[in-house]
Amino acid sequence: MKIISINNKKLELKEAAIPTPKDDEILIKIKAAGVNRADIAQKNGLYPPPPGASEILGLECSGIVESIGKKVTSKNPGDEVIALLSGGGYAEYVAVTASHCLPI
């Protein structure tokens, strides 16, 4: 998949593996991502991602559920959702905890 990566405070288009959702996560095929102050601060090295979060920018996105983890019962493949992320929204796909998503 394509991602936006930070290199010396500049954004670059790169390739990365599609994430695999954990048991409580869904995989979203991203259609749109927000750009907010925290993303800009992170790009400039002023706001590090939380421990364990994706190094890929992007704290919010919308898209279509591609697949679901084993314990997810609230979402189904094909559902349109919006999501709050700890990172990873500037990519073609993101895995996110299902409870952090709302239906569109």
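Residues numbered from 1 in each chain as written. Predicted model: local features only at pLDDT ≥ 70, side-chain atom pairs only at ≥ 80, totals over all residues. Heavy atoms only, no water.

Overview of the overall build of the protein
Summing up its helical and strand segments, the protein has 1 helix and 7 strands in all. What you see in the protein, going N to C, is helices and strands ordered as β-β-β-α-β-β-β-β. Relative to a compact globule of 104 residues, whose C-alpha radius of gyration would be 13 Å, the protein shows 13 Å and is just as compact. The principal-axis extents of the C-alpha atoms in the protein amount to approximately 40 × 25 × 25 Å. Buried positions account for 37% of the 104 residues belonging to the protein. For the protein, the share of sequence-separated contacts (at least 6 apart) that also reach a separation of at least 24 residues comes to 63%. (Helix = DSSP H or I, 4+ residues; strand = E, 2+ residues; numbered from the N terminus. Rg over C-alpha atoms; globule rule 2.2 N^0.38 Å. Buried < 20%, exposed > 50% of the residue type's maximum accessible area, 1.4 Å probe, protein only. Contact = heavy atoms within 4.5 Å.)

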